[in-house]
Amino acid sequence: MDMQATTIPAGDDSGPDVVAPEPDEGVQRCLQLLGDAGLRPTRQRLALGQLLFLRGHRHVTAEGLHEEAMAANAYLSLATVYNTLNQFTEAGLLRRTAADGIKSFFDTDTSVHPHFYLEGEDLLVDVADGLTFTKLPEALPGHEIARLDVIVHLRRKRAT
Ligand SMILES: [Zn+2]
């Protein structure tokens, strides 16, 4: 379709010209990202995509992102946030890490990298460096290693 085909014909409307606002740069980037991942840009995906993918490398929980969405006046249910996070994960935009067996963190960096989990503070952060793998085990017969998750659990030192 060429650009001419999308031009709205003028002259049949006496009202003021209505010009659709140009989506801002962040929205454009989000549209591109969703399109590349094969996801339709629904309202909720765009709202959450902007919170997730325009702010650098992030680790979020569904609950935390839900609160952010509410603060940004995007009134989405927690279930919608959770479903959207799972769709983003399946599309390869996020990587899911279960830190304590109950709560999942969603990481905008989908590469393999180790994490610190701060127990009691409910935070997942990247391990910058200082962790080296020298050898991986052989996979079981008929299997291959699909991924490797390393979470180093931290707790506050007790005052002595
Ligand atoms: Zn990470």
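Above this note sits the structure.
Colleague: Help me understand the side chain of His115, please; the structure alone is not making it clear to me.
Modeller: Along the polypeptide, His115 turns up in strand 4 (residues 115–118). Overall, the relative accessible area of 3% leaves His115 in the buried class. Polar contacts involving the side chain of His115 include one to the side chain of Asp126, which spans 3.0 Å. Here His115 is in contact with His59, Thr97, Asp107, Leu124, Val125, Asp126, Val127, Val150, Ile151 and Val152, once residues within four sequence places are set aside.

Colleague: Help me understand unusual backbone geometry in this model?
Modeller: If a residue is not glycine, its phi is most likely negative; likewise, a peptide bond is most likely trans. Positive phi values are uncommon outside glycine, yet Asn73 reaches one of about 65°. Take Asn73: it is sitting in the loop between helix 3 (62–71) and helix 4 (78–90). Since its relative accessible area comes to 56%, Asn73 is described here as exposed. Its identity is not glycine, yet Asp122 carries a phi of approximately 55°, on the positive side. With respect to the helices and strands, Asp122 occurs in the loop between strand 4 and strand 5 (123–126).

Colleague: Any chance you could explain the sheet that holds strand 5 here in plain terms?
Modeller: Within a sheet, adjacent strands bond to each other through the backbone by hydrogen bonds, running parallel or antiparallel. Across the sheet, three strands lie side by side as 5-4-6; this open sheet has mixed pairing. Lying at the two open borders of the sheet, with one neighbouring strand each, are strand 5 and strand 6 (151–154). Neighbour to neighbour, the strand axes of the sheet diverge by 25° on average, direction disregarded. Here four bridges tie strand 4 to strand 5, and the two strands are oriented antiparallel to one another. Residue pairing in the sheet places His115 in a bridge with Asp126 of strand 5.

Colleague: What's the story with the sheet that holds strand 2 (residues 95–98) in this structure? I'm lost.
Modeller: Read across the open sheet, the three strands follow the order 1-3-2; overall the sheet is antiparallel. Where the open sheet ends on each side, the last strands, each with one partner, are strand 1 (59–60) and strand 2.

Colleague: When you look at the coordination of the zinc ion in this model, what are you seeing that I'm missing?
Modeller: When a metal carries six donors in an octahedron, the ideal angles between them are 90 or 180 degrees, while four donors in a tetrahedron ideally lie at 109.5 degrees. Taken together, the protein ligands of the zinc ion are His59 (NE2), Asp107 (OD), His113 (NE2), His115 (NE2) and Asp126 (OD), with distances of 2.0 to 2.1 Å. The sequence pattern formed by the donor residues of the zinc ion is H-x47-D-x5-H-x1-H-x10-D. Taken as a pair, His59 in strand 1 and Asp126 in strand 5 lie far apart in primary sequence, 67 residues in all.

The rules behind each value
- Residues numbered from 1 in each chain as written.
- Predicted model: local features only at pLDDT ≥ 70, side-chain atom pairs only at ≥ 80, totals over all residues.
- Heavy atoms only, no water.
- Helix = DSSP H or I, 4+ residues; strand = E, 2+ residues; numbered from the N terminus.
- Buried < 20%, exposed > 50% of the residue type's maximum accessible area, 1.4 Å probe, protein only.
- Polar contact = N/O pair within 3.5 Å; in protein donor to acceptor, adjacent residues only side chain to side chain.
- Contact = heavy atoms within 4.5 Å.
- Pairing = 2+ DSSP bridges.
- Axes fitted to C-alpha atoms, helices over the stretch in contact; angles between N-to-C directions.
- Donors = N, O, S within 2.8 Å, 3.2 Å for Na, K, Ca; no water.

Remember that the coordinates give geometry; whether it matters functionally is a separate question.
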